[in-house]
Number of protein chains: 2
Amino acid sequence: MKNQLPFTKEDLETIIEKHPTPFHIYDETAIRKNARRLNAAFAWADFQEYFAVKATPTPRILQILKEEGFGADASSMAELVLAERCGILGEKIMFTSNNTPAYEFDKAIELGAIINLDDITHVPFLAEHCSFPELICFRYNPGPLRDGNAIIGKPEEAKYGLTREQLVDAYRMAKERGATRFGLHTMVISNELDATYFVETAKMLFTLVAELSAELGIRFEFVNLGGGIGVPMKPEEEEVNLETIGEGVREAYESHIAAKGLDPLAIFMECGRVITGPYGYLISRVIHEKNIYKNYIGVDASMANLMRPGMYGAYHHLSVAGKEDQPNDMQYDVAGSLCENNDKFTIDRPLPKIDIGDLVVIHDTGAHGHSMGFNYNGKLRSAELLLKEDGSVELIRRAETLDDLFATLDFS
Amino acid sequence: MKNQLPFTKEDLETIIEKHPTPFHIYDETAIRKNARRLNAAFAWADFQEYFAVKATPTPRILQILKEEGFGADASSMAELVLAERCGILGEKIMFTSNNTPAYEFDKAIELGAIINLDDITHVPFLAEHCSFPELICFRYNPGPLRDGNAIIGKPEEAKYGLTREQLVDAYRMAKERGATRFGLHTMVISNELDATYFVETAKMLFTLVAELSAELGIRFEFVNLGGGIGVPMKPEEEEVNLETIGEGVREAYESHIAAKGLDPLAIFMECGRVITGPYGYLISRVIHEKNIYKNYIGVDASMANLMRPGMYGAYHHLSVAGKEDQPNDMQYDVAGSLCENNDKFTIDRPLPKIDIGDLVVIHDTGAHGHSMGFNYNGKLRSAELLLKEDGSVELIRRAETLDDLFATLDFS
């Protein structure tokens, strides 16, 4: 499956005539198909996915997802403005930030975004520095209440959200300040491949909605289950079955919400990685081979284009275009050119024999790929291309130039 | 010592009237004093420091260091162009790159830079694709020959340099292609506080120069000891005594070079961190306080301004301006606003009681600080200021704007 690419080596060479390597390329057909699959999995519900803009803050991608009915999960001024410029407005934006300055709240309120507060002190802060919205949401951090779960990690070590006790006070304080519509949010899982955890998260929120509704005499309009659906990075991993999540959440909804007369309750998600991650590829040319204590293949991409392997040691599958079916009888560190020894896309990875001039395809770079790039060592961030449904290719972000890099400098 | 800042809280508030937080500020007086100290420690030698541009690629800083006699260690096209635009030219540039494209070699040769080759295959590559320079240097990777040394790490895991065997062939091949002047380089230590290791590195290179001179019948003009001199990040750590390094290298030079008639041999270094690191500070305003399962202080800086704590878990000392003498009787995670839980400058750090509106001073950000920043979550990279010798403040890099962030996009 990992070696089934939406382009051949020849396709890539044709694209490269116009767009030199390295570049990211996104598969529109696959993005749309997957978006529809998520919507279908929750067709039973009043469902809204807010795409996590940080994953791929590229207007053309946001527009495609908008056409599929998605909104925008924005976390900063820049992401709010991006959503606005893409025509994603009003309650199609969910503003989930932390440690937030007043001017960002102001912008979110101006756009009519749903405000998701990360801290109880933001209730008086918002009332004092901005205007308090009619619709308000709070982010819940279950802390040690979910400590037992190894995969979820330790929510009490995370800076996000309110405690269970604070939630009651927070909704009450919001009500006092004029809020009449309420939502509840959490985000406790990241890059998780087991569908069970998303159903458990839904159950946790549904239970909390029931408790808080009774305790506070308020009606909840929605819960936002957060994101965190992972993608299979390694060939032996299996993708999360979105239908399983949708069906599991539906059953929980029936027993925990509908049966208690708490419906209708809209279901929101704010996935990023699973929406675009597997449908983006980093294409890079092999420019060097080096044999010292290990075998190195040098490519023209670097951590400037993809940080995750160097920063987290994350596995990203790598194909050699046109050699997909050759045996992996060599072992290479595929490296970028940063003066940082962690600037490697693979370490001791079994791969087919690679030659200078080959094209490597680094998989699953459609989310948190280009967006995390830096300019360290004076490296320029690459272009982004869209492989459109009709097979043509569109430049959706141009490559940086030295002038961009030096834009904030005055040499005089 | 860590709490002796070159500015008071009042100074900072005055600066902030014109330059809003967050920003990096560099202490010109301290940078110059330290640069002179390094030059003095090697006054006995024909010495040249090549400042590692990647540490602080800011023209005004490069110009100050140029005035102190330093050259530029460039690793990429952008760094070569920066050096050029700062008037650092010819053999005042050392081009130490890896996995290098031909156009970067061309630029380095055009500038008359010293070319430091990272791989033996670059000899024919340079001859074929560019022109082969008269003066050539090679980077040595001792590999398992220095495996025994725990602090140095495992050079054989590093992608850099040539093996001992390759060196002989490489110089011979270079000679055949017209090289008449030779240098030898290594870089096997990073952020090291023990002066001994730098003297050992010098001895290793001096020994190698003697062996290679005899073996090849060539005369070496210089050795480049690399960089890697660390800075004391924690209050209890002591700075490296540059004079001890200078004196140790001198003794090794006498016994290993002069006594063997191999002099004169120039001594080069390519330090970055120790040159500017301790003399830069990231200044940020406290905008939020949050108490959930831990106590959080939210500031207006983030990983966009300083990656090292979030990326490596690196310790950076943090002072609260005006509270330098107060007891550290609180414990805080000081966090930025990224939607990444590792966006924290401190974790469980004992600090004085912090209030909203306080200014935090994050230390040792003068190298690998601003230069490693990214735009993830749509965060903008901050300005850089220079605290000049006369006490005035100069803007040496403006803050990014949303227009900068969106410069590579077309919203139409």
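Our subject is the structure listed above.
Below, the structure is looked at part by part. It should be emphasised that the depicted structure is a prediction, and the values quoted were computed from it without experimental measurement.

1. What about the packing of helix H2 (residues 28-41) of chain B against helix H9 (residues 242-256) of chain B?
All names here are of chain B.
And then number 1: The geometry of H2 relative to H9 is characterised by a closest axis approach of 8 Å and an angle of 20° between their N-to-C directions. If you check the angle between H2 and H9, you find them roughly parallel. In this structure, H2 meets H9 at a crossing whose hand is right-handed. Two secondary-structure elements touch here, H2 through Asn 34, Arg 37, Leu 38 and Ala 41 and H9 through Leu 242, Glu 243 and Gly 246.
And then number 2: Across the contact of H2 with H9, the residue classes break down as 3 nonpolar, 2 polar and 2 charged.

2. Some details on the sheet that holds strand E8 (residues 220-224) of chain B
All names here are of chain B.
And then number 1: Taken in spatial order, the 8 strands close into a barrel running E2-E3-E4-E5-E6-E7-E8-E9, and their pairing is parallel. Taken pair by pair, the neighbouring strands of this sheet meet at an average axis angle of 25°, ignoring direction.
And then number 2: As defined by bridge partners, strand E6 (residues 135-140) adjoins strand E7 (residues 181-186) across 6 bridges and the pair is classed as parallel. Opposite Tyr 140, over in E7, you have Thr 186 as the bridge partner.

3. Brief notes about the interface of chain B and chain A
And then number 1: At the interface, 87 residues of chain B touch 87 residues of chain A.
And then number 2: In total, about 6600 Å² of surface goes out of reach between chain B and chain A, with carbon and sulfur atoms giving 54% of it.
And then number 3: Broken down residue by residue, the surface that chain B buries against chain A is led by Asn99(B), Lys159(B) and Tyr293(B), which jointly contribute 12%.
And then number 4: Counting every contact that joins chain B to chain A gives 6 salt bridges.
And then number 5: A salt bridge links Lys294(B) to Glu157(A); its shortest N-O distance comes to 3.2 Å.
And then number 6: One can count 56 residue pairs in polar contact (both at pLDDT 80 or more) joining chain B with chain A.
And then number 7: Elements represented by at least two residues in the side of chain B that touches chain A include exactly helix H3 (59-67), helix H4 (77-85), helix H7 (164-176), strand E10 (280-291), strand E11 (295-299), helix H11 (308-312), strand E17 (393-397) and helix H12 (402-405) of chain B.
And then number 8: Here the side of chain B that touches chain A is built from residues that sort into 35 nonpolar, 29 polar and 23 charged.

4. Some details on the packing of aromatic side chains
And then number 1: Enumeration over the complete set of coordinates arrives at 28 aromatic pairs over all chains.
And then number 2: On the numbers, 5.1 Å between centres and 80° between planes, the contact of Tyr171(A) with Phe220(A) is edge-to-face. On the criterion of sequence distance, the pair formed by Tyr171(A) in helix H7 (residues 164-176) and Phe220(A) in strand E8 (residues 220-224) is long-range, its members being 49 residues apart.
And then number 3: The buried category is assigned to Phe220(A), whose relative accessible area is 2%.
And then number 4: Centroid distance Phe42(B) to Phe47(B): 4.5 Å. Interplanar angle 10°. Geometry classified as stacked.
And then number 5: Cluster of aromatic residues (ring-pair linked, three or more members): Phe42(A), Trp44(A), Phe47(A), Phe206(A) and Tyr253(A).
And then number 6: Geometry around Phe411(B) places Arg85(A) over its ring, the cationic atom sitting 4.9 Å from the centre.

What counts and how
- Residues numbered from 1 in each chain as written.
- Chains lettered and ligands numbered in written order.
- Predicted model: local features only at pLDDT ≥ 70, side-chain atom pairs only at ≥ 80, totals over all residues.
- Heavy atoms only, no water.
- Axes fitted to C-alpha atoms, helices over the stretch in contact; angles between N-to-C directions.
- Helix = DSSP H or I, 4+ residues; strand = E, 2+ residues; numbered from the N terminus.
- Parallel < 35°, antiparallel > 145°, perpendicular 65-115°, else oblique.
- Left-handed = near helix turned anticlockwise from the far one by under 90°.
- Contact = heavy atoms within 4.5 Å.
- Nonpolar A, V, L, I, M, F, W, Y, C, P; charged D, E, K, R; others polar.
- Pairing = 2+ DSSP bridges.
- Buried area = accessible area lost by both parts, 1.4 Å probe.
- Salt bridge = Lys/Arg side-chain N within 4 Å of Asp/Glu carboxyl O.
- Polar contact = N/O pair within 3.5 Å; in protein donor to acceptor, adjacent residues only side chain to side chain.
- Phe/Tyr/Trp six-rings, centres within 6.5 Å; stacked < 30°, edge-to-face > 60°.
- Buried < 20%, exposed > 50% of the residue type's maximum accessible area, 1.4 Å probe, protein only.
- Lys NZ or Arg CZ within 6 Å of the ring centre and 35° of its normal.

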